[in-house]
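Below are the chains, spelled out letter by letter.
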Amino acid sequence: MERGEYPGAKNMFGGMMAYCPAPEELVPGFWDQAPWERAVIKRVLSVAGEGSSTSLVFQAHSDSTLRPAGAGSTSDRTLTAFTLFRPFFDRWYAEQAVARGVTLLTSCRADGLVIRDGMVRGIRISGDSVEAPLVIACDGTLSFLAQEAGLHTGFRPDQVALGVRALYHLTEEEINERFGLLGREGATQEFLGCTEGIRGGGFIYTQTETLSVGLVLHLDSIKSRSIPPYELLERFVASSQVASLLRGARLMEYSAHLLPEAGMRVVPKLCAAGLLVAGDAAGFCYTNGLTQEGMNLAMTSGLIAAQAGAAALAEGDFSARKLARYREKLKKSFVLRDLATFSRAIDFLHHDRLFAVYPRVVSALMEDLYRSDGTPKEKIGKLGRRAIKDEVTMRQLLADLFQGGRAFLW
Amino acid sequence: MVVDELFDLVSYRIYPEPHIRLNPDVCQSCTHRVCTFACPARCYIWSEERDRVEFAYEACLECGTCLLLCDRGALDWHYPLGGYGVRFRLT
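Cut-offs used in this document
Residues numbered from 1 in each chain as written. Chains lettered and ligands numbered in written order. Predicted model: local features only at pLDDT ≥ 70, side-chain atom pairs only at ≥ 80, totals over all residues. Helix = DSSP H or I, 4+ residues; strand = E, 2+ residues; numbered from the N terminus. Rg over C-alpha atoms; globule rule 2.2 N^0.38 Å. Buried ≥ 20, exposed ≤ 12 C-beta atoms within 10 Å, placed from the backbone. Contact = placed C-beta atoms within 7 Å. Nonpolar A, V, L, I, M, F, W, Y, C, P; charged D, E, K, R; others polar. Pairing = 2+ DSSP bridges. Axes fitted to C-alpha atoms, helices over the stretch in contact; angles between N-to-C directions. Parallel < 35°, antiparallel > 145°, perpendicular 65-115°, else oblique. Left-handed = near helix turned anticlockwise from the far one by under 90°. Expected span 1.5 Å × (residues − 1). Domains from an automatic or database assignment.

Draft legend 1. Here's a closer look at the overall build of chain A. Secondary structure summary: chain A contains 16 helices and 17 strands in total. Computed over C-alpha atoms, the radius of gyration of chain A comes to 23 Å, within 12% of the 22 Å expected from 2.2 N^0.38 for 410 residues, which places it in the range of a compact globule. Counting over 410 residues, chain A shows a buried share of 47%. Restricting to contacts in chain A with at least 6 residues of sequence separation, those with at least 24 account for 70%.

See below:
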């Protein structure tokens, strides 16, 4: 059931999804056939201060088997992520399901649940209903269906981020040249310190002939800073570090979407009699500090939900107790395990300092480190102490390092 | 890039009835008017002249920002009827 005219019409994400083995179980050779744009082999994290930025670059070597040679490559993909367009990818994926006997209803909005005798029996659509022994709610961050079933009270602004994204056209050669890529290799670049104090970050993802440029911003932080997201995006696009990559590019599309950011703590109850919740609706989204994952968690949770549903169908029992095996399986899979591993990240990522003060400190330190002005040099520790002076106390810095460490390091 | 260009490039199939309705009385008593700057599609504009929030549902990107940030319960919020509203082409 899809409320858009076609699968993907309503779906928006940053542009990159981590390699996900789950769909290979359903469609053999999935990633050889799926319409992805580029296989990401280069990841850049840039921390931007006022006058300079500092980047960490990861790139798989050209002679490595880690490097996917292109479409049809069978090399190791576990280090790879794919950039793709949801309207193409989702549509193609749905076609695979239809070819295997699935009935797909498009332009069909779920207005609510059909609940009888304490069990979900289907969904209501305009003036009608569709009944089924099991409903899997994949209705996004707002998940009205999970709320109606009492599994969820809805996310609060401090548990959700807004993603805004502009898509720009360039030629394939221009992109390869600007990002140092060959063929269908892709790069991603993420930015910290570009959000004018709003908690969040910026990103650029390479597709074949387009760049996705956008921002992810905590909703409560947008409110407290009172900066319109599109104005921030406009300034991000115009900033020297982004503008140089976008030279001559033509704007093609704009989109926005909410994503759950609160991790483990707000994962709703995942099942009720006749109902399972998957994807963003279940809050399956997290960051390990360097990468953000969501779409792979969504696809995997969808598969596990379907398996739990198939088992329930075989036994003819869709009670909440029976369906609870969905949660048990998720707990054993990377989906809930990763969310648990990085469950402290969200507290750490709610410090405003991380998005303005520390990027400035890093820039100041790196500028001092590389400066050559004919005066005697100092060791990095002393430069560091000077960089944090007036910005943050040593005590605060240590507390933040400890909390950041607990969130991401150990 | 100019902000207006962004909005001009979004494709929609517009339903004749709004899918989100505001309660103007509740909006009138709002002091933060967060919807007027947080909505990524600039659907909510404070009109000094009319002394009220003006809302244009046609440009809605269906993200839900307004729903989560409105702490007055001023919004009767639904997704557009199936097949209507924003249609992302590439994104």
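Draft legend 2. Structural view of the overall build of chain B. Within chain B, the regular secondary structure consists of four helices and six strands. Put simply, chain B runs from its N terminus to its C terminus through helices and strands in the order α-β-β-α-α-β-β-α-β-β. Across the 91 residues of chain B, 38% fall into the buried class. Long-range contacts, defined here as pairs at least 24 residues apart, represent 65% of the contacts in chain B between residues at least 6 apart.

Draft legend 3. Looking closely at the interface of chain A and chain B. In this assembly, 44 residues from chain A lie in contact with 31 residues from chain B. In terms of residue count, the dominant contributor to the side of chain A that touches chain B is strand β13 (residues 250-260) of chain A (eight residues). Residues belonging to the side of chain A that touches chain B are distributed by class as follows: 24 nonpolar, ten polar and ten charged.

Draft legend 4. Molecular detail of the sheet that holds strand β15 (residues 275-277) of chain A. Residue and element names in this part refer to chain A. As summarised here, the arrangement of the three strands in space is β8-β15-β14, forming an open sheet in which the pairing is mixed. With one partner strand each, in any of the chains shown, β8 (135-137) and β14 (271-272) form the two edges of the open sheet. Direction of pairing for β14 relative to β15: antiparallel, over a ladder of two bridges. Opposite Ala272, over in β15, you have Leu275 as the bridge partner.

Draft legend 5. How the structure looks around the packing of helix α14 (residues 357-370) of chain A against helix α15 (residues 380-388) of chain A. Residue and element names in this part refer to chain A. Viewed as axis vectors pointing N to C, α14 and α15 meet at an angle of 140 degrees, and their least axial separation amounts to 9 Å. Taken together, α14 and α15 sit at an angle that is classed as oblique. α15 is crossed by α14, and the crossing has right-handed handedness. Contacts between α14 and α15 pair Val361, Ala364, Leu365, Asp368 and Leu369 from the former with Ile380, Leu383, Gly384, Arg386, Ala387 and Ile388 from the latter. The residue inventory of the contact of α14 with α15, partitioned by class, reads eight nonpolar, one polar and two charged.

Draft legend 6. Expanded view of α14 of chain A. Residue and element names in this part refer to chain A. Along its 14 residues, α14 runs 20 Å from first to last C-alpha, staying within 8% of the 20 Å computed at 1.5 Å per residue. Inspection of α14 places Tyr358, Pro359, Arg360, Val361, Val362, Ser363 and Ala364 among the buried residues, and these make up the whole buried set. Turning to α14, the residues buried within the fold contact β2 (36-48), β3 (53-59), β10 (185-192) and α15.

Draft legend 7. Just the environment of Cys285 of chain A, in detail. All names here are of chain A. Mapped onto the elements, Cys285 comes out in the loop between β15 and β16 (286-287). Given 22 C-beta atoms within 10 Å, Cys285 falls into the buried group. Each C-alpha atom of the pair Cys285 and Arg371 lies 41 Å from the other, and the pair is 86 residues apart in sequence. Setting aside chain neighbours within four positions, we find Cys285 in contact with Leu259, Pro260, Glu261, Asp280, Gly294 and Leu297.

Draft legend 8. Region of the structure containing the sheet that holds strand β7 (residues 128-131) of chain A. All names here are of chain A. Judged by pairing direction, the sheet is antiparallel, and its three strands sit side by side in the order β5-β6-β7 without closing on themselves. Two strands close off the open sheet at either side, each with one partner strand: β5 (112-116) and β7. Sheet twist, expressed as the average angle between the axes of neighbouring strands with direction ignored, equals 40 degrees. Bridge analysis of strand β6 (residues 119-125) against β7 gives four bridges, and the strand direction is antiparallel. Bridging across to β7, Arg124 finds its partner in Ser129.

Draft legend 9. Main features of the domain arrangement of chain A. You can read the domains of chain A as domain 1 (16-87 + 158-260), domain 2 (109-155 + 263-332) and domain 3 (348-409). Taken over C-alpha atoms, the centre of domain 2 of chain A sits 43 Å from the centre of domain 3 of chain A.

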